[in-house]
Amino acid sequence: MLRLDWNLLFTVINLLLLFVLMKMFLFKPVQKILDERQAEADKQFDEAKARQDAADGMKAQYEQSMANIEKEREDTLREVRRNADAEYHRIVEDAQDKAKQIKDDAVAEAENKKTQILKKAEKEIADMVVDAAVKVVGEKEGAEVDSSLYNEFLNKAGDK
Amino acid sequence: MELYNNNDFKFTLIKNMGNLTEKLMEELNCETVFTIPVFGGIGVAESVVVTWIIMAVMVIAAIILTRNLRVDHISRRQAVAETIVTKLNGMVESMIGPEGKRYVPYLATVLVYIGIANIIGLFGFKSPTKDLNVTAALAIMSIVLIEGAGIYQHGVKKWLHKFTEPIAIVTPINILEVFTRPLSLCMRLFGNVLGSYVIMELLKIIVPVVVPAVFCLYFDIFDGLLQAYVFVFLTSLYIKEAVE
Amino acid sequence: MGTLIAIGAGIAVLGGLGAGIGIGIATGKASEAVARQPEAEGKISKTLILGCALAEATAIYGFVIALMIIIMLK
């Protein structure tokens, strides 16, 4: 019981041997398995994360392209609206020009016509005056025509 | 008549006590099982032989438990092995902290060994821990491990410097600690096992039925496992202190 | 001679006194702690058992010394 001898050394050797054997047969294999399982779980986790990241990337891309499309649409719309505006203005201006021309034409024609009518009226009046004068002269003296008076009148009327 | 009877009782008790002393001495003496015929004969004590038996049991159990290990779809055997390893590692790691992860397998082995050695008396063997050689060997290995961990962690110079901390005047006490620590570890384990053994034997002589069974639960099983835990706990505490 | 050995062993075992007092104080404090914080009972009892095992060592040392006295001086 209370003695220290060679058996101490034997026990030390025994314990070291036991430690090595236990490490070899119990701790190492089990730890290896646990590590492998951990690695597998990590791998799966990483894969899932990668997949998630990829999905996120695609979503971002999609959103980006959506935003682009929206912008393009907006741009196109603005362009179209601007074009339409310009067209509208052009058309309106055209119309106005045309209307003005028509009006001017109309005014010019009216003037023309007026002049013609006036000329015609003058001529008629002159004829009427001649007739009237002939009538008057005829009633008073018949063939006795004061030719000087008559010419004078004619001249006057011709000047007009 | 009365007197005679009384004397008779006394006589039997004393005779029993004499027997007890003899029996105790016989039980306490670690017998030499066989002698190696070199250097004039080296006696191999019973404790060493029982240690071999424990080693055989542990290694065979380990081999059986860790056969056909797989990563998934594990068998029940593997589940048991994994549980044992995880629990043991967790237990020792909670004592030693993350810095001393390197020493966990050794401490776990020692924990299991002392635990089995303390309760193997129930199976008719003589506990190896009842032999001072075994506990001394355990304590010496512990102190070697503690100081080795300190040297490994800090290098020889800083390890030597640590003896003068916190002030130079405590250096002798620190050096003395190198010897008192294994001594107290050794004696605590040895004394506990021996003490509980002696108490159990006395109890068995005084009250042979029922009561020893109850006390056996405490002294043999609980105290045995607790002492294994305490031994490993103190060792890991010292290692933790050494590697800090 | 035998009487002296017995007396010596008895004195050595007196070391158990300290262990008794120590474990008593520890247990008292532990029950106070459990009363104050019942949820920490597991930790407290673990610490208590450990502390008791350490305090008990004193008594064990006394016992071992007593045994040594008896066996060696006989």
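Refer to the preceding data block for the structure.
Our subject in this report is the structure included herewith. (Residues numbered from 1 in each chain as written. Chains lettered and ligands numbered in written order. Predicted model: local features only at pLDDT ≥ 70, side-chain atom pairs only at ≥ 80, totals over all residues. Heavy atoms only, no water.)

### Details of the overall build of chain C
- From N to C terminus, chain C includes three helices and zero strands.
- Counting from the amino terminus, helix and strand elements in chain C follow one another as α-α-α.
- Rg of the C-alpha trace for chain C: 17 Å, well past the compact-globule value of 11 Å for 74 residues, more than 25% over.
- Viewed in the frame of its principal axes, chain C has a C-alpha envelope of about 55 × 15 × 10 Å.
- Across the 74 residues that make up chain C, the buried fraction comes to 22%.
- Here the analysis covers contacts within chain C between residues at least 6 apart in sequence; of these, 77% occur between residues at least 24 apart.
- Measuring between centres, the 5 positive side-chain charges of chain C sit 8 Å from its 4 negative side-chain charges. (Helix = DSSP H or I, 4+ residues; strand = E, 2+ residues; numbered from the N terminus. Rg over C-alpha atoms; globule rule 2.2 N^0.38 Å. Buried < 20%, exposed > 50% of the residue type's maximum accessible area, 1.4 Å probe, protein only. Contact = heavy atoms within 4.5 Å. Lys, Arg positive; Asp, Glu negative; His and termini not counted. Charge placed at Lys NZ, Arg CZ, Asp CG, Glu CD.)

### Some points on a nonpolar patch on the surface
Residues and elements named next belong to chain B.
- On the surface, a cluster of nonpolar side chains totalling about 570 Å² of accessible area is made up of L122, F123, F125, L217, I221 and L225.
- Tracing the backbone through its elements, the reader meets I221 in helix 8 (residues 211-243).
- Assessed through its relative accessible area of 30%, I221 is described here as partly exposed. (Patch = residues over 30% accessible without salt bridge, like charges linked within 9 Å, V, L, I, M, F, W, Y side chains within 5 Å. Areas by Shrake-Rupley, 256 points an atom, 1.4 Å probe, with all protein chains shown as cover. Salt bridge = Lys/Arg side-chain N within 4 Å of Asp/Glu carboxyl O.)

### Section: a negative patch on the surface
- The grouping of D35(A), E36(A), E40(A) and D72(B) at the surface amounts to a negative patch.
- Tracing the backbone through its elements, the reader meets E40(A) in helix 1 (residues 6-141).
- Given a relative accessible area of 35%, E40(A) falls into the partly exposed group.

### A few points about the packing of aromatic side chains
Residues and elements named next belong to chain B.
- With the rule as written, the count across this model stands at six aromatic pairs over all chains.
- Residues F215 and F219 carry aromatic rings whose centres are separated by 6.2 Å and whose planes lie at 15° to one another, so their mutual orientation is stacked. With F215 and F219 both in helix 8, this residue pair falls four residues apart, about one helical turn.
- By relative accessible area, F215 is classed as partly exposed at 36%. (Phe/Tyr/Trp six-rings, centres within 6.5 Å; stacked < 30°, edge-to-face > 60°.)

### Topic: the interface of chain B and chain A
- At the junction of the two partners, chain B supplies 46 residues and chain A supplies 31 residues.
- Counting the surface lost from both chain B and chain A, the interface buries some 3,500 Å², and carbon and sulfur atoms represent 76% of this.
- Looking at the side of chain B facing chain A, the largest losses of area belong to M55(B), V71(B) and N133(B), adding up to 17% of the total buried there.
- The interface formed by chain B and chain A includes one salt bridge.
- Ionic pairing is found between R37(A) and E82(B), a salt bridge with its closest N-O pair at 3.0 Å.
- Where chain B packs against chain A, one counts five residue pairs in polar contact (both at pLDDT 80 or more).
- Elements with a contribution of two residues or more to the side of chain B that touches chain A: strand 1 (32-36), strand 2 (42-45), helix 2 (46-65), helix 3 (76-96), helix 4 (104-119), helix 5 (132-154) and helix 7 (171-206) of chain B. (Buried area = accessible area lost by both parts, 1.4 Å probe. Polar contact = N/O pair within 3.5 Å; in protein donor to acceptor, adjacent residues only side chain to side chain.)

### Regarding the environment of E93(B)
- Secondary-structure assignment places E93(B) in helix 3.
- When its relative accessible area of 27% is taken as the criterion, E93(B) is described as partly exposed.

### Considering the nonpolar core
- Membership of the largest hydrophobic core comes to 73 residues, with the highest contact counts inside it found for Y103(B), L107(B), Y113(B), I114(B), L138(B) and I239(B).
- For this core, the elements supplying multiple residues, two or more each, are helix 1 of chain A, helix 2, helix 3, helix 4, helix 5, helix 7 and helix 8 of chain B together with helix 3 (41-73) of chain C.
- Of the residues forming this core, the biggest block, twelve residues, is contributed by helix 8 of chain B. (Core = buried A, V, L, I, M, F, W, Y, C linked by side-chain atoms within 4.5 Å.)

### Structural notes on helix 3 of chain B
- The first and last C-alpha atoms of helix 3 of chain B sit 30 Å apart over 21 residues, in line with the 30 Å expected at 1.5 Å per residue.
- Following helix 3 of chain B by one or two positions, G97(B) has its phi on the positive side, about 80°. (Expected span 1.5 Å × (residues − 1).)

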